Amino acid sequence: MSVLDVVVFALEMIGTVVFSISGGLVGIERGLDYFGIPVLSMTTAVGGGMLRDLILGKTPPSMFTNPVYVFVAIVTSSLMLFLLHRYGNFVENGKFVSFMGLINFFDALGLGIFTIIGVNSALDSGYHNTFLAVFVGVMTGVGGGMLRDIMVRRTPLVLRREIYAVAAIPGAWIYYYLQAFLPKTLCMLLCASLIVILRLTSIRFHWNLPNSVEAGKSTNI
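Note that the structure is predicted; figures quoted are calculated from it, not measured.

**Some details on the overall build of the chain**
Within the chain, the regular secondary structure consists of nine helices and two strands. Along the chain, from the amino end to the carboxyl end, the secondary structure elements read α-α-α-α-β-β-α-α-α-α-α. Put simply, the chain shows about 11,400 Å² of open surface, and 69% of that area lies on carbon and sulfur atoms.

**So, the packing of aromatic side chains**
Taken as a whole, this structure holds six aromatic pairs when the rule is applied. Each member of the aromatic cluster is reached from another via a ring pair, and the members are W173, Y176 and Y177.

**Some points on a nonpolar patch on the surface**
A contiguous nonpolar patch, built from F181, L182, L186 and L190 and spanning about 410 Å² of accessible area, is present on the exposed surface. Mapping L182 onto the fold places it in the loop between α7 (165-178) and α8 (184-204). The class of L182 is partly exposed, set by a relative accessible area of 35%.

**So, the pattern of salt bridges**
For the coordinates displayed, the defined rule picks out six salt bridges. The partner of R199 in a salt bridge is E162, with the nearest N and O atoms 2.9 Å apart. Note that R199 is positioned in helix α8 and E162 in the loop between α6 (130-151) and α7, a separation of 37 residues in sequence. Taking the relative accessible area as the measure of exposure, E162 reaches 25% and is therefore partly exposed. Through salt bridges with shared partners, one network takes in D107, R148, D149 and R154.

**Remarks on the nonpolar core**
Grouped together as the largest cluster of nonpolar side chains are 30 residues, with contacts concentrated most on I116, V119, V142, Y175 and M188. Elements that contribute at least two residues to this core include exactly α1 (3-29), α5 (100-124), α6, α7 and α8. Take this core: its biggest share by element is seven residues, from α5. Once you skip the residues sitting within four places of it in the chain, V119 turns out to touch A133, G137, A172, Y175 and Y176.

Conventions adopted
Residues numbered from 1 in each chain as written. Predicted model: local features only at pLDDT ≥ 70, side-chain atom pairs only at ≥ 80, totals over all residues. Heavy atoms only, no water. Helix = DSSP H or I, 4+ residues; strand = E, 2+ residues; numbered from the N terminus. Areas by Shrake-Rupley, 256 points an atom, 1.4 Å probe, with all protein chains shown as cover. Phe/Tyr/Trp six-rings, centres within 6.5 Å; stacked < 30°, edge-to-face > 60°. Patch = residues over 30% accessible without salt bridge, like charges linked within 9 Å, V, L, I, M, F, W, Y side chains within 5 Å. Salt bridge = Lys/Arg side-chain N within 4 Å of Asp/Glu carboxyl O. Buried < 20%, exposed > 50% of the residue type's maximum accessible area, 1.4 Å probe, protein only. Core = buried A, V, L, I, M, F, W, Y, C linked by side-chain atoms within 4.5 Å. Contact = heavy atoms within 4.5 Å.

That is the geometry; function is a separate question.
In structure tokens, the structure reads:
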């Protein structure tokens, strides 16, 4: 196994864990039961990879042929359930603790990792079309969170005004071109970090895209 293979596998594991945590936290905040939380956690962790494999024509998806990712997601969500059972319903001063800060952090980390993994998978599959590779990368990054939000009846982040998919696109695009000139391992780390920084910075400084309501108001002025 090459150094690149080790790095890719390590990033996939990290991405699986952080997206599992993100999905589990949403499940806890939405008040799901002890079955719903692991299901949501697992869907968030492997949903993007499943969509990636379907787009690239890899059937059945790797989540079924190599269930290590599902296993990691289940272990992660089980640990969260243990902490939930051990420390109660995460109540602080009689009020439910908001997990949005943690959700946003882990979601950004997973977005960066899986976007680059998606682009790399497209390239390894022999697809060197820029649009296809970037599209697959972005779908890998946002797919799990999109399925998670749909399952809890929340408008997916990718469709809202937040800088989410927009943060993934430049990182995926830069990786597509940069990996031809620099070592892939270095490119993956740099471009994944770029996506995470863009996403977290947009949250910190409230950078948002204009929505239809704002556009309507500006038109009526």
